[in-house]
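If you want the building blocks of each chain, they are given just below.
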Amino acid sequence: MNINPVLLIEKKRDGHELEAAELESFIKGITSGSVEDYQAAAFLMATYFKGMTPAETVALTKAMLESGERIDLSSIPGAKVDKHSTGGVGDKVSLILAPLAAACGLVVPMMAGRGLGHSGGTLDKLESIDGFRVNLQRQEYLRALKRLGCAIIGQTATIAPADKKLYALRDVTGTVPCIPLICGSILSKKLAEGTEALLLDVKVGSGAFMKTLGEAKALAKALIAVAKKMGLPARALITDMNQPLGYSAGNSLEVIECIEVLRGRKLAQADLSSLDLRELTITQCAHMLVLGRKAKGMKEGRMLALARLQDGSAWEKFRSMVVEQGGNPAWIDDPSKFPAAPIRVEWKARKRGFLKTMDTEAMGKILVELGGGRKKASDSVDPAVGFWFHAKPGTKVTAGQTLATVFAANEKPLKDLEQWFQDSIEITGTRPKVPPLIHAEMT
Ligand code: URA
């Protein structure tokens, strides 16, 4: 079937259900280039507004998976388990989790993404390490998994190519927060990479694409249902994104924070805490170990994850992964080698009280304005810009206390951006209730 893309866009625009064959043909056209980017963007916006039925979502996921090859990992011994986050600000868990889970005995074939909308991307973070390659070819990917038990790669021209294209378009067209598009994007990658089970980290809150618990549960339910239809066992955690995770946001700053967690020592600045990041990573690792039958329950999984973090084997695995993927180990051994942003300023509290809320999406958007994310598909990201957060919801602050250290490439936008930052936080006189790190588990 060779459909006219205009008719398909109109059909979706008018709220009709698309047939599997129509979606298959359209996605093929996107991959081959016979469907133009502006037509793909129009389809994305129509889908954003009109949604998709469960059957359409499964058909979209299948078509996106079949746009490239599906990697067979049967030659690699061991349980293959991966995790994927729906995206947030400062969410750097994957960088620690993949080597940690591999150090615990799992095989982690991780196909990750770049920054998407206001949310950061694992691939952009890893590429801030000198020489790190995310575009491994099939044989290199298999070799890394065989040798180390983990690899983190991006979509290529042959593996999940439809997602490569659609992901980049969604990033710059305001079409990210859409359940069927998120399902197709995440699950086509995860099925293509060859994992046997999947943990989903569905973010909820001001910095997530799903703002309410109801929306997050609906996304988790849809992801688990489509995964099941495609034969992929999956479970989901719904985790908090009403504040950035860890203390940093920005590509190289986040890599440095991950190195600190992996090495168990502070390298950047002593008063900042990564406890939430560490706790979430250990919990996710325990879930992966249960999914891969390396642990009988969560308690055993947590103990194993903690042991491998503390005895340095997760750090060794991360270092080996960096070397295997072409990265310069001197940079991660000595993070002062990461190029620093030329401008460093502090944004301070304008009154005393408790930091009550942080519009975390605004934090992500300010980061994009600083150059840490993309406003159009051809933009490159500046790895050095970003934030250190010194206060998060619940922190008691005094007037004039530093709330964030900002790393910038130039002075010009900083005045407006600081005002945006100040407008995006709330300081109150009474101690606020802080949301839990993990809201729910769904299987
Ligand atoms: N991660 C993805 O890979 N795709 C999405 O749509 C959202 C998060």
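Refer to the structure above for everything that follows.
All values derive from a computational prediction rather than experimental measurement. Each chain carries its own residue numbering, running from 1 in the written order of its sequence. Local features in a predicted model are, by the rule used here, given only for residues with pLDDT of at least 70; side-chain atom pairs are given and counted only at 80 or more, and totals for whole chains, interfaces and linings are based on all residues. No hydrogens and no water enter the side-chain calculation; it runs on all heavy atoms of the structure.

S.K.: Teacher, can you tell me more about the packing of helix α7 (residues 138-148) against helix α14 (residues 313-324) here?
M.R.: In helix packing, the relevant descriptors are the interaxial angle and the interaxial distance, both defined with respect to the helix axes. Two elements in contact, α7 and α14, have axes separated by 11 Å at closest approach and are oriented at 155°. Between α7 and α14, the crossing angle belongs to the class labelled roughly antiparallel. As α7 packs across α14, the resulting crossing turns out to be right-handed. Here α7 contributes Arg143, Ala144, Arg147 and Leu148 to the contact with α14, which in turn contributes Lys317, Ser320, Met321 and Glu324. Of the residues assigned to the contact of α7 with α14, the class counts are 3 nonpolar, 1 polar and 4 charged. For every element, the axis is a line fit to its C-alpha atoms; helices are fit only across the contacting stretch, and the angle between N-to-C directions ranges from 0 to 180 degrees. Each helix is a run of H or I in the DSSP string that is no shorter than four residues. Each strand is a run of E no shorter than two, and both are numbered from the N terminus. Roughly parallel here means an angle under 35 degrees, roughly antiparallel means over 145, roughly perpendicular means 65 to 115, and every remaining angle is called oblique. In this scheme, a crossing is called left-handed if the near helix is turned counterclockwise away from the far one by less than a right angle; it is called right-handed if the turn is clockwise. Contacts are assigned to residue pairs with any non-hydrogen atoms lying within 4.5 Å of each other. Residues are grouped as follows: Ala, Val, Leu, Ile, Met, Phe, Trp, Tyr, Cys and Pro are nonpolar; Asp, Glu, Lys and Arg are charged; every other residue, Gly included, is polar.

S.K.: For this particular structure, what's the right way to read the side chain of Lys80?
M.R.: Within the secondary structure, Lys80 sits in the loop between α4 (54-65) and β1 (81-85). Dropping the residues within four chain positions of it, Lys80 is found in contact with Leu73, Val107, Pro109, Gly194, Thr195, Glu196 and Ala197.

S.K.: Just to check I follow, could you spell out the site of the ligand for this structure?
M.R.: We call a residue near a given molecule or strand whenever any one of its heavy atoms falls within 4 Å of it. The immediate surroundings of the ligand are formed by His84, Ser85, Thr86, Leu116, Tyr167, Arg170, Ile182, Ser185, Ile186 and Lys189. Here an oxygen atom of the ligand sits 2.9 Å away from a polar atom, N or O, in the side chain of His84. Two N or O atoms count as a polar contact when they lie within 3.5 Å, although within protein this holds only if one can serve as hydrogen donor and the other as acceptor, and sequence-adjacent residues are included solely when both atoms are side-chain atoms. The contact in question runs from an oxygen atom of the ligand to an N or O atom on the side chain of Arg170, over 2.8 Å. Only the protein chains shown count as covering a residue, and every accessible area follows the Shrake-Rupley method with a 1.4 Å probe. In isolation the ligand exposes 240 Å². Once the protein is present, 97% of that is buried. Where the shell around the ligand is concerned, the elements lending two or more residues are β1, α8 (161-171) and α9 (179-193). It is α9 that provides the largest number of residues to the shell around the ligand, a total of 4 residues. Its residues assigned to classes, the shell around the ligand shows 4 nonpolar, 4 polar and 2 charged.

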